[in-house]
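# Working through the structure, step by step
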Amino acid sequence: MPRVLLVSGSPSADSRTAAAVQLAGAPLAAAGHRTDTLAVRDLPPDALLRADTADPRLREAAARVAAADALVIGTPVYRASFSGLLKSWLDVLPRHALRGKAVLPLATGGSLAHALVLDYALRPVLGSMGAAPVTQGCFVLDAAVTRPADGASARLDPEASARLARAVTWLGDALPGPVAAVAAA
Ligand SMILES: Cc1cc2nc3c(=O)[nH]c(=O)nc-3n(C[C@H](O)[C@H](O)[C@H](O)COP(=O)(O)O)c2cc1C
């Protein structure tokens, strides 16, 4: 079964983006895909900022990308673009690290005015690294993400949840395996 790497590019500890990425991964895991999670905020900041590609933890993260057949890459919208944290990590990956891998881009943001960040900012970067296909992205308003204080799983409001489910189905369509099961999960 295909491996899907779930990446959050948010620097936040209690991150809506990370929650949305996990929600995107749930139906893929339920359909039998092997999912793995990577929070860029957990990588060593010094190595990221100094582009120390010899750092063992950056090398291990790059190996996890290499082992993946597909990725969900999530980012918060910061200043009308994707996060600098995510960019700093993409910059230290090998140039064609995403070659032939399907990628679902996902963003959370405070304003619908910036929903196109996925298409004008993130999609070209992913394409330049060889991602193919970059499937239809999903923008989720931060207000649509509920993170219960009691530690229960995060939820999306019904409208965002339906759009995320569609986006995940399109990623599933790009993978070998039980596409119908992804849609139904
Ligand atoms: C420094 C900063 C800049 C932001 N800039 C934007 C922006 O330009 N457009 C937007 O829609 N939301 C913006 N936001 C809101 C975040 O994108 C939004 O709250 C997001 O869900 C946060 O994700 P997180 O919980 O993973 O940190 C900004 C938030 C911060 C902290």
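Quick look at the structure, then. Just so it is clear, the structure is predicted and the values come from calculations on it, not from any experiment. (Residues numbered from 1 in each chain as written. Predicted model: local features only at pLDDT ≥ 70, side-chain atom pairs only at ≥ 80, totals over all residues. Heavy atoms only, no water.)

The subject of this paragraph is the site of the ligand. What surrounds the ligand is a group of 16 residues, the closest being S12, S15, V77, T108 and D142. At a separation of 2.7 Å, an oxygen atom of the ligand approaches a polar side-chain atom of T108. Secondary structure elements with two or more residues in the shell around the ligand: α1 (16–30), β3 (70–78) and β5 (102–109). Element by element, the count of residues in the shell around the ligand is highest for β3, at three residues. Across the shell around the ligand, the residue classes tally to four nonpolar, nine polar and three charged. (Near = heavy atom within 4 Å. Polar contact = N/O pair within 3.5 Å; in protein donor to acceptor, adjacent residues only side chain to side chain. Helix = DSSP H or I, 4+ residues; strand = E, 2+ residues; numbered from the N terminus. Nonpolar A, V, L, I, M, F, W, Y, C, P; charged D, E, K, R; others polar.)

Residues A132 and P133 are joined by a peptide bond in cis, for which omega reads -5°. Looking at the secondary structure, you find P133 in the loop between α5 (117–128) and β6 (138–141). With phi around 50°, R79 is a residue other than glycine that occupies positive phi space. Structurally, R79 is set in the loop between β3 and β4 (81–82). Of note, A80 is a non-glycine position whose phi angle comes to about 65°, a positive value.

Here we take up the nonpolar core. Core analysis: the biggest nonpolar cluster contains 34 residues, and V7, L43, V65, L71, W89, L90 and L126 have the highest contact counts within it. Those elements that place two or more of their residues in this core are β1 (3–8), α2 (45–49), α3 (56–67), β3, α4 (84–92), β5 and α5. For this core, the element with the most residues is α5, which contributes six residues. Setting aside anything within four residues of it in sequence, one finds L43 in contact with L38, L48, R57, L58, A61 and W89. Core analysis: the next-biggest nonpolar cluster, separate from the first, contains 24 residues, C138, A154, L164 and L175 among them. (Core = buried A, V, L, I, M, F, W, Y, C linked by side-chain atoms within 4.5 Å. Buried < 20%, exposed > 50% of the residue type's maximum accessible area, 1.4 Å probe, protein only. Contact = heavy atoms within 4.5 Å.)

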